[in-house]
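Coordinate analysis (summary)
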Amino acid sequence: MNTFELSVIKDGISFNKDVLLDMLFIIEPAGVPLPKTVIAALAEWEFSEVISEGNVNVNALMSGRIKAEPVAPTQDSPALSSGIKRTLEDAERMRTLENSDQARLAAVQNVYDEYMDYIDHIYTHYATHKQIDYASLEETVRSLCVFIRENRTYVLRITPSDDTIKKNFIVTHSMRSTVLAIAIGLQLHMSLSKLVELGASCILHEIGMLRLPPQLYLSNKQLSPAERDEISKHPLIGFEIAKTLQFPVAVQFAIFEHHERENGTGYPRGLTGDKISLYAKIIAVVCSFESIIAPRQYKSERSTFAAMVEMLKNENRQYDETVIKALLYSISLFPIGTYVYLSNGETAQVVDVNPDNPKNPIVQLLGEKDADGSPKTLQTDDNDIKIIRPIDKQELEDVMKALTQRESGEAQTAQTGK
């Protein structure tokens, strides 16, 4: 593996092998030139080098005559929340909190909330001004991609409260869908530039809703056939908005096609299979997954495990199998954040995937710690430590109450002992 200083990489230079940030994160695939915006973003994130199994394309060297040139930093976008900038700096320090799981989770939650506020700003600003600053959105999504990559298992454990979801359904739906979409993109080894387009598309996939009567998408009752017909216009409206604002063509079509289905039963054009863009295929999967678990007054709440099982069934082959598999390997059969009963009598929370077998994720035992005080984790399997089933909300409340009482009792005993 060869290492290349960022300072000597010039705009437009390509490599004859994939360019990587590390062994998992592809910046650009072989032969694709590195744009100035990506080089500048890497510099802004304080990455000083990239790696590749190959080398700079000879033709590029001959035509470009590479010289060591410092990369100009990108200008701060006024629309990019200063809170995001501040909390992203905090995120860099999160990796020092390995022995403080709750502290790191709280820090990730703070950054997550800042991104939620940013998406809320995007939708509110469009509703009031009919404008979206795509350059600012790109910059923000780039930082979001890095944030998710560095803190994936913590980000996937975050669940907005039912009240938050009901109060601002479009924003929470867009945020949760975007996190899953980027996780899938990382699993598929997408380049950074494609991850940014995918993330921007997913954030904006419901923008067409803002041109419809709010009672349609904020309704707490099941929609009538006429209302469903009306709401099904939002992909076309979103496409027209993206086209008018001159967003990249790939983003326009991702918004337009996110309700298309592999078997041709989707809308607005009834496209099938390879006629649907990859971004739209990914958004279709994450949007459907997120909709299953989102609490609504007119439908029963479903667990992430139930949602994953439903997606894997892929009734009538609605969704792209490769994308569903990427979702499975991104979050596991018992999705990250799920609380479960184990065959050894313990209760635990799923905290990471097992890349070799998504049926057997890594779990963190509730109320148990290792000798150094860090949370105790176990690798589940099909024999000794097997997941029996997920824990429902009421059971979880009971388990947490019992743990609190136990910890309180232990603290009192320790005090008395002194």
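Residues numbered from 1 in each chain as written. Predicted model: local features only at pLDDT ≥ 70, side-chain atom pairs only at ≥ 80, totals over all residues. Heavy atoms only, no water.

1. Re unusual backbone geometry
Put simply, the test is: Strands here mean DSSP runs of E at least two residues long; helices mean DSSP runs of H or I at least four residues long; both are numbered from the N terminus.
With omega at 10°, the peptide bond leading from Tyr267 into Pro268 counts as cis. Among the structural elements, Pro268 can be located in the loop between helix H12 (249-257) and helix H13 (278-293).

2. A closer look at the pattern of salt bridges
Selection criterion: Salt-bridge detection follows one rule: a side-chain nitrogen of Lys or Arg within 4 Å of a carboxyl oxygen of Asp or Glu. Residue burial is assigned from relative accessible area. The probe radius is 1.4 Å, only protein chains are included, and a residue is buried under 20% of its type maximum, exposed over 50%, and partly exposed in between.
Going through the model one piece at a time under the given rule, you end up with eleven salt bridges. In this structure, the salt-bridge partner of Glu257 is Arg269, at a minimum N-O distance of 3.0 Å. Pair noted here: Glu257 is in helix H12 and Arg269 is in the loop between H12 and H13, with a separation of twelve residues, a long-range link. Take Glu257: its relative accessible area is 4%, and that puts it in the buried class. Classification of Arg269 as partly exposed rests on a relative accessible area of 43%. Two residues, Glu321 and Arg317, come together in a salt bridge whose shortest N-O distance is 3.4 Å. Each member of the salt-bridge network shares a partner with another, and the members are Glu262, Lys281 and Asp320.

3. Description of the packing of helix H14 (residues 304-313) against helix H15 (residues 321-331)
We count it as follows: Fitted lines through C-alpha atoms serve as axes, helices being fitted only where they are in contact, and the angles separating the N-to-C directions of these axes extend from 0 to 180 degrees. Oblique is the label for every angle not falling under 35 degrees (roughly parallel), over 145 degrees (roughly antiparallel), or within 65 to 115 degrees (roughly perpendicular). Handedness of a crossing is defined here by the sense of rotation of the near helix relative to the far one, left-handed for an anticlockwise turn of less than a right angle and right-handed for a clockwise turn. Here a residue-residue contact requires only that any non-hydrogen atoms of the pair lie within 4.5 Å. In this classification, the charged set is Asp, Glu, Lys and Arg, the nonpolar set is Ala, Val, Leu, Ile, Met, Phe, Trp, Tyr, Cys and Pro, and all remaining amino acids, among them Gly, are polar.
Viewed as axis vectors pointing N to C, H14 and H15 meet at an angle of 155°, and their least axial separation amounts to 10 Å. For the element pair H14 / H15, the angle class is roughly antiparallel. Our pair here, H14 against H15, has a crossing hand that is left-handed. For the pair formed by H14 and H15, the contact residues are Met308, Met311 and Leu312 on the first element and Ile324, Leu327, Leu328 and Ile331 on the second. A class-by-class count of the residues in the contact of H14 with H15 yields seven nonpolar, no polar and no charged.

4. A look at the sheet that holds strand S3 (residues 26-28)
What counts here: When DSSP finds two or more bridges between two strands, those strands count as paired.
Read across the open sheet, the four strands follow the order S1-S4-S2-S3; overall the sheet is antiparallel. If you trace the sheet from one side to the other, it starts and ends with strand S1 (2-5) and S3, each paired once. The pairing of strand S2 (residues 19-20) with S3 spans two bridges and is classified as antiparallel. In the strand pairing of S3, Leu20 is matched with Ile26.

5. Looking at the sheet that holds strand S7 (residues 362-369)
Taking strand neighbours across the sheet as the criterion, the five strands line up as S8-S7-S6-S5-S9 in an open arrangement whose pairing is antiparallel. Across the chains shown, the open sheet's two edge strands, defined by having one partner strand only, are strand S8 (375-379) and strand S9 (387-390). Between one strand and the next, the sheet's axes are offset by a mean angle of 45°, whatever the strand orientation. Sheet topology places strand S5 (residues 339-342) next to strand S6 (residues 347-352); three bridges connect them, and they run antiparallel.

6. Let's talk about the packing of aromatic side chains
Rules: Two rings belonging to Phe, Tyr or Trp (six-membered ring only in the last case) form a pair when the distance between their centres is within 6.5 Å. Interplanar angles under 30 degrees mark stacking, angles over 60 mark edge-to-face geometry, and anything in between is tilted. A ring is considered to have a charge above it if a Lys NZ or an Arg CZ atom is located within 6 Å of its centre and within 35 degrees of its normal.
Throughout the structure, instances matching the rule amount to six aromatic pairs. With a centroid separation of 5.8 Å and an interplanar angle of 35°, the aromatic rings of Tyr115 and Phe147 are classed as tilted. Highlighted residues: Tyr115 in helix H4 (residues 101-129) and Phe147 in helix H5 (residues 134-155), separated in sequence by 32 residues. Considering the side-chain rings of Tyr134 and Phe247, the 5.0 Å spacing of their centres and the 35° angle between planes classify their relative orientation as tilted. Of this pair, Tyr134 sits in helix H5 while Phe247 sits in the loop between helix H11 (234-244) and H12, and the two are 113 residues apart along the sequence. Across the pair, exposure class does not vary: Tyr134 and Phe247 are buried alike. Taking the ring centre of Tyr126 as reference, the NZ or CZ of Lys130 above it sits at 5.7 Å.

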